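Residue strings, one per chain:
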Amino acid sequence: MAVERTLSILKPDATRRNLTGKIIARFEEAGLRVIAQKRIHLSMATAEAFYAVHKERPFYNDLCTFMASGPVVVQVLEGENAVLKNRDVMGATNPADADAGTIRKDFAESIECLWVRAPNMT
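Let us look at the structure shown here. None of these values were measured; they are calculated from a predicted model.

Conventions adopted
- Residues numbered from 1 in each chain as written.
- Predicted model: local features only at pLDDT ≥ 70, side-chain atom pairs only at ≥ 80, totals over all residues.
- Heavy atoms only, no water.
- Buried < 20%, exposed > 50% of the residue type's maximum accessible area, 1.4 Å probe, protein only.
- Helix = DSSP H or I, 4+ residues; strand = E, 2+ residues; numbered from the N terminus.
- Arc of directions from axis to C-beta.
- Salt bridge = Lys/Arg side-chain N within 4 Å of Asp/Glu carboxyl O.

1. Overview of helix α5 (residues 82-90)
Residues of α5 that are buried: Ala82, Val83, Asn86, Val89 and Met90. Projected onto a plane normal to the axis of α5, the buried residues spread over an arc of 130° and lie on a single side. Projecting away from the buried face of α5 at angles above 90 degrees are the exposed residues Leu84 and Asp88. A positive phi of about 90° marks Gly91, the residue just after α5.

2. Some points on helix α2 (residues 20-29)
Within the sequence span of α2, burial applies to Thr20, Ile23, Ile24 and Phe27. In an axial view of α2, the angular spread of the buried residues amounts to 95°, which keeps them on one side of the axis. Relative to its buried face, α2 has exposed residues pointing more than 90 degrees away, namely Lys22 and Glu29. Directly beyond the C-terminal end of α2, a positive phi value near 95° is found at Gly31.

3. As for the pattern of salt bridges
Evaluated as defined, the whole model comprises 4 salt bridges. Here Glu78 and Arg5 are joined by a salt bridge, their closest N and O atoms 2.9 Å apart. Residue Glu78 is found in strand β3 (residues 72-80), and its partner Arg5 is found in strand β1 (residues 3-10); the two are separated by 73 residues along the sequence. Across the pair Arg26 and Asp106 runs a salt bridge whose closest N-O atoms are separated by 2.8 Å. Pair noted here: Arg26 is in helix α2 and Asp106 is in helix α6 (residues 103-107), with a separation of 80 residues, a long-range link. Using a relative accessible area of 22% as the deciding quantity, one classes Arg26 as partly exposed. Judged by its relative accessible area of 37%, Asp106 falls in the partly exposed class. If you follow the salt bridges from partner to partner, you end up with Arg5, Arg33 and Glu78 in one network.

4. Here's the deal with unusual backbone geometry
Non-glycine residue Asn18 carries a positive phi angle of around 60°. Turning to its location among the elements, Asn18 is positioned in the loop between α1 (12-16) and α2. Since its relative accessible area comes to 65%, Asn18 is described here as exposed. Phi is positive for Asn81, close to 50°, though the residue is something other than glycine. Structurally, Asn81 can be placed in the loop between β3 and α5.

What follows is the structure, encoded as structure tokens:
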């Protein structure tokens, strides 16, 4: 098994609802380590650049507006098979489809809210 790193971003609703500690604990309980972390407020330009891959999708503008609406927590997670483990801990993109005990099932208010995961950073 390979030690990997993956970027994760806890969205503005997670910071607004004071869920960051609970979410981070879930990653750590799953064997992932937070090796870097920072609370920042994305500008609209930064959000647009980060999500440019989705520019042609109908949700792009709403996503960028939401991500720039308040502070987010960006973090680098590290561990054995971190990318897959991160996905497992997060659960299905749609909280209605997520398994019990996953972050999305337990905390997400909607499909748009709570979490964005970036690609593998290895």
